[in-house]
Structure formats: structure tokens, C-alpha cells
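Descriptive analysis of the structure
Spelled out, the chains give:
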Amino acid sequence: MPIRIFVPLDSAARAVGADETAAAIQQEAARRGEPVELVRNGSRGMFWLEPLVEVQTGAARIAYGPVGAGDVASLFDAGFLHGGAHELAQGPTEELPYLRDQQRLTFARVGVIAPLSLAEYQAQHGYAGLRRALTLPPEAIVDEVSAAGLRGRGGAAFPTGIKWRTVAQAEADQKYILCNADEGDSGTFSDRMVMEGDPFMLLEGMTIAAIAVGATRGYIYVRSEYPQALAILREAATLAARAGLLGDDILGSGRSFHLEVRQAAGSYVCGEETAMMESLEGKRGIVRAKPPLPALSGLYGKPSVVNNVISLASVPRILANGATAYAAHGSGRSRGTLPIQLGGNIRRGGLVERAFGVTLRELLYDYGGGSASGRPIRAVQVGGPLGAYLTEAQFDLPLDYEAFAAADAVLGHGGVVVFDDTVDMLQQARHAMAFCAAESCGKCTPCRIGSTRGVELIDQLRAGEATAAPRLRELCAIMRKASMCAMGGMTPYPVLSALDHFPEDFATGACPAVAQGEAR
Amino acid sequence: MEPVLNTQNTQESVAIDRILENHCQQAGALLPILHAIQDAFGHIPDSAVARIAGALNQSCAEIHGVISFYQHFRSEPAARHTVHVCQAEACQARGGRELTAHAERVLGCKLHEHSPDRAFGLEAVHCLGLCASGPAIQLDDRQHARVDPARLDQLLHQAREA
């Protein structure tokens, strides 16, 4: 029996040389006459160890990392095919504290299975949720998702069950399931990891949604910066259709669901649901006025479920194991788990799936191990480029939608970006406004013009004009209240939080270097 | 329609017609069409705009509006190689701004420009999803993480030699 060796194909592993490592392992095995079976899995989400090579020895998988191509010969010398000792040996993967101390529900299979193996997916409870859903009346599927307390993981945290019920009750000749996979928030990569590491889970979740609301067509809108996710999803959709899990008469049920994977084209605002629908219709990604709600008048004016990748990927497990098991996790009105993404200046960056309620301090120090630079952590931005900057004094905040809202912050998509004490918070605030100016769809004035005025006001602050501060606050209040969508409405979060929590960086003469080199 | 002048134009127009034909039954076909054309030619030639407009029964202004709205689409040919340097917060926290400044220095151009010899185009990207391993870049079709200035020099050198 050849020994199974796992080398991730995740983009973050390939970006640090996983392909070269995999090739070196195959060459070295061939040279030594050792029979090995090389499996390209998703990533376990421990990115400081990538490329993370695992060897199947009996029941356990033994981890080695980070393994560069140049380390491979010495690993063979050390007998790593049988779990031999080596300076890169990390021990059994599942026992690594970072992974062991998580509650991996949505990410249970990511990094474990070969992403495009339908057999492995089904052997690990895949399609159990869909099979159960097909035995239930559609209302009961919606009830199950409602009872689980699932809320939109894309950032808005709207109850998924309510959205589905609205679409289910709408009368229409055509309804759509739209998966928003335009994960444009910097500091987030959980959607990408699911699409690259466990694509059938997303397809299954969408199929369950389709059956629950009576939709027969669906789209996954994938950002163009994720070429591998796009390719894997397309292949997975072809395989699922061939196996009777997509298309007409799914598993002999008489139900149909046709899915198309669409490539976005590099516009951040298309992550806003109405702009995404415009883009799917072949137009510029201009935000639509709401109401009407997409649930009643969405794609081509038809009732549409619009959910984020993680929301939909959470559904198969809820259906397979029941709502109670899922809702048993969490805190307050935030039920279940959140895949948190630790990035930026952090020693152990990666994917941490935990029930809601975990604190930032646990994430930053217990999981993350502090900053990568070894310097003190000064600021943490949670929830993407439109999320607030938090300071040390707020590190005991539990990750919970309501707790964050009460602190004038947002959990968003669960991205946590860490900065050490060399960060210039005025420059970060300026970046937030400059980003909004570059990505605004241009439909509403507060966002389109406010963002440009915001950059100018921050430049005036840097130049020592103290009167710019109250004008910046006034501008932020207008953007927050009068913008059509979160692009202009939330840009004030990073700006005001920087101003409020790090006033010293905005004081006259705080930093002599004028911020420059910002993108556009 | 402009008259076809030479074989290259003929080949181009045949390829565009084939793409339009492949997508004519698709709902909301414009983005898939633009991707297919850019994948085939490296950019969206001006000559394609009127053909797309005709096939979709839209105006040239509408097609142009879509092409210019999305950062991914380009109307001009790209440089031989394209370097995208991530400008987002997680990479900023790991020296992304310094890496960008280094790239501008060694390539002799600013972001959204190309090097004087047209060997490299330098572009900004806002997040490649490699946020735990920054700073990150994409060089042509390959993404690279944990890129410091020395590593960038090495990658640029390899691309130049290839």
C-alpha cells in the first residue's frame, strides 16, 4: 500500500511553494523507490506552517511544516513516511493546540479531504443534509434553518431563515439562489478556503436552499482575484451534475436546480447584494435602491435568496445534524460558530473556527501568539476595510454581533487584521477614505464625493489644520446616515475609530512624513 | 463595421464571433463575453465593442460603460508581465507599502503604469485572500506570499529570464 502524503493546493500554500514541495516529494519518492500517493488537500488554515505536509501513519496524520522543496530529501532521510523525528515535525495534526482547540463545524472537512473527491465528501457526511432535506416539506427546511439561529455570515448578520421564508412565500415563475462569493474584504479568506477546500459543501447548501424556497436556478459570483476557487467550483459543479446532485431530477426527487459559476471582474462594491445582481445581469455594478428587497424583487426582478458562502456552507450540517446541535454553540443571539480569520502582523495567522463569544485577546495571543514582528500589538481592524480599528482596551470584547455593535464596531465577515506599534493610524484612516473613493459605485453623493473630501480633510489634519477634525466628523456623520449602502455608510467606522482611539496620531505634528503612495 | 484589412484582423473577428455565438443564449452574458475576449486577446480590442453591442442589442456606450467600470477589464494590451501588489490592510501591516515603493523603484514606474521597457506592468490589487502570509503579490498567473523586496527582485529576475 502506498503511503498517503498530503500537500495542500490552497492558494495560500501554493503562494509559498506547495507545488514545488509536492513535485520534490514525488521525485524523491521515485528516486528512492518508495511508493507514495500524493493527495492535494485544502489547507488546515495554519498558514505559518505552510506548506504543511502531512503523512498518514495508521489512524493519525503527522504534520511537518513549513516544508520547502529543499527540505524534502532530509525528511525522507529522517523517515518521515513513518512519522520520523525531524526539526520540522509538528506531531499529529489534530493534536496541534491551534487546531485542537477549535470547534470546526463548517470547516470540519477543509484540509482533510481532497476537495474534488465526491466519494470522500460523501464518506464524511457530505450530502446527508440534502438527502434529509428531500424528505421534508419545504417549510420544514426553512424552520430548521431558522431554529438553528443562522445569521448571514457575509457581514450584515440578517437571519437566514427569515430571508428564505420571504422568498419561499413569494409567488413567481422563477426564483434564484445567489451565492455572494465576492469576498473582497481585506483580511478575509474563509470563503476562499471553503471554495478551494470543500466546494461540494457550498453546492449542497445552495441546493438545499433551492429546494426550501422553490428556486430552480442559481449563481455563484466569485471574485476574479480567486482564479483557483473559480476553477475548482466549476469542476465540482460538473462532477455534481454528472452524479445527479445538480440539474434535473436531483437524486430522483423530481426537483431541479441549475447552477452557474460566474467570474466577477474586480469591483469591491459588487459584494453589495444589489450591485452583485446588476453585475450578474451584465451591467455596471451600481447599487440599487431598497426596497424592493431582493427577496421579493432580485435578479431580473424575481425573488432571490442572496447569501454569503459561509452562510450557505453552514446549511448542510444544520440539516444533517439538526438545528439544536448547531444552536447549542454560541452566545446571546449569535448562534453557531464563526470562522475567524487572523491576518496581518500576527505570528500564527490562519483560520480559527470558534463558537461566538471567544474574545479578541484569546484569538490574538492564545491562537495568534502575538505580533509577527515581536513588537506590541497596537491596533486591530475587525470586519474588513469598513470595520472599526480597536485598541488594547477593547481586546476583551467577545466576538458576538451585539457586543460589537454596542462598541461601535462590526464583526463583519470575521476578518481580524493585526498591526504592531509602528502603524500610523492617520495613514490607515486616509486609506479607508481613499479606498472608498476608488471603489464607490458613484450612485449616491455622500459616498462618491464624501470619500474624496474625506481624503482631503485627513491631509489637512496631517498638515496641522486642527479645524479639519470637526469637519471630518461631520462628514462621517453624513456618510453614515445618508449613503445608499455599506460602502459609504461604513467607511466612517475605520476613520472615526482611528480618530477616537488613537487621537495622538492625529495631533498636530504627530508624524512629519506626509502620507503618500496610497492607491489612487 | 470597419473593413477587414489583414489576416490578423480576420482571425480576431472570427474568434470574437465564435465567443459571441457561444454566449448568445446565456442570460446576463456581457461579463462572460468580456472575460472570454480578454482571455483570448489579453485585452478587449476596440473593434470588439461594436460587435458585442450588436450581438446583445445594446449601445456601444453601454458596453464601454461596463468595460470601464470593472478594474479587471483592460482596453489596451498589457505589458509582457503584470505584477499586482496587494494594497490592502493585512499586507500593509506586513510591509506592503514598502514593497510597493520598492517595486516602483526597481521597475521605474508608478502603480497603474508600466516599466519603460514595457517588460512589466505594475498594478494594485486590493486583497488576494493571502492575508495571513503577507505581503502578497501576483506575477502573471501565479500568486506569491511572504514577499520581501529581495524575493520580489528574485521573482522579477526569473520572469525576465523566462
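So, how was this worked out
Residues numbered from 1 in each chain as written. Chains lettered and ligands numbered in written order. Predicted model: local features only at pLDDT ≥ 70, side-chain atom pairs only at ≥ 80, totals over all residues. Heavy atoms only, no water. Helix = DSSP H or I, 4+ residues; strand = E, 2+ residues; numbered from the N terminus. Expected span 1.5 Å × (residues − 1). Buried < 20%, exposed > 50% of the residue type's maximum accessible area, 1.4 Å probe, protein only. Arc of directions from axis to C-beta. Contact = heavy atoms within 4.5 Å. Axes fitted to C-alpha atoms, helices over the stretch in contact; angles between N-to-C directions. Parallel < 35°, antiparallel > 145°, perpendicular 65-115°, else oblique. Left-handed = near helix turned anticlockwise from the far one by under 90°. Nonpolar A, V, L, I, M, F, W, Y, C, P; charged D, E, K, R; others polar.

A separate point is unusual backbone geometry. Put simply, K290(A) and P291(A) share a cis peptide bond, and its omega is -5 degrees. Following the sequence through the fold, P291(A) ends up in the loop between α12 (273–280) and β9 (304–308). Here G134(B) and P135(B) are connected by a cis peptide whose omega angle stands at -5 degrees. With respect to the helices and strands, P135(B) occurs in the loop between β3 (120–125) and β4 (137–139). Here the phi dihedral of H125(A) falls at roughly 70 degrees; this positive angle occurs in a residue that is not glycine.

Moving on, we get to helix α7 (residues 149–161) of chain B. Because an α-helix packs 3.6 residues into every turn, residues spaced three or four apart end up facing the same way. Residues and elements named next belong to chain B. Its 13 residues place the ends of α7 18 Å apart at the C-alpha level, agreeing with the 18 Å of an ideal helix rising 1.5 Å per residue. Along α7, the residues that are buried comprise L152, L155, L156 and A159. For α7, the arc enclosing every buried residue in end-on projection is 100 degrees, short of the 170-degree limit, so these residues lie on one face. With respect to the buried face of α7, the exposed residues turned more than 90 degrees away are A150 and E161. On the buried face of α7, the contacting elements are β1 (81–86), α6 (96–107), β3, β4 and β5 (142–144).

Turning our attention to helix α7 (residues 138–147) of chain A. Residues and elements named next belong to chain A. Every buried residue of α7 is accounted for by I141, V142, E144 and V145. Take α7 and look down its axis: the buried residues cluster within an arc of 155 degrees, on one side only. Every exposed residue of α7 that faces more than 90 degrees away from the buried side is listed here: E139 and A147. The inward-facing, buried residues of α7 abut α6 (128–133), α8 (160–169), α10 (199–213), α13 (309–321) and α14 (323–327).

This brings us to the packing of helix α17 (residues 425–439) of chain A against helix α22 (residues 492–501) of chain A. All names here are of chain A. At a closest axis distance of 8 Å, the pairing of α17 and α22 adopts a crossing angle of 165 degrees. Taken as axis vectors, α17 and α22 run roughly antiparallel relative to one another. At the point where α17 passes α22, the crossing takes the left-handed sense. Between α17 and α22, the contacting residues are M425, A429, A432 and M433 on the first element and P494, V495 and A498 on the second. Of the residues that constitute the contact of α17 with α22, the class distribution is seven nonpolar, no polar and no charged.

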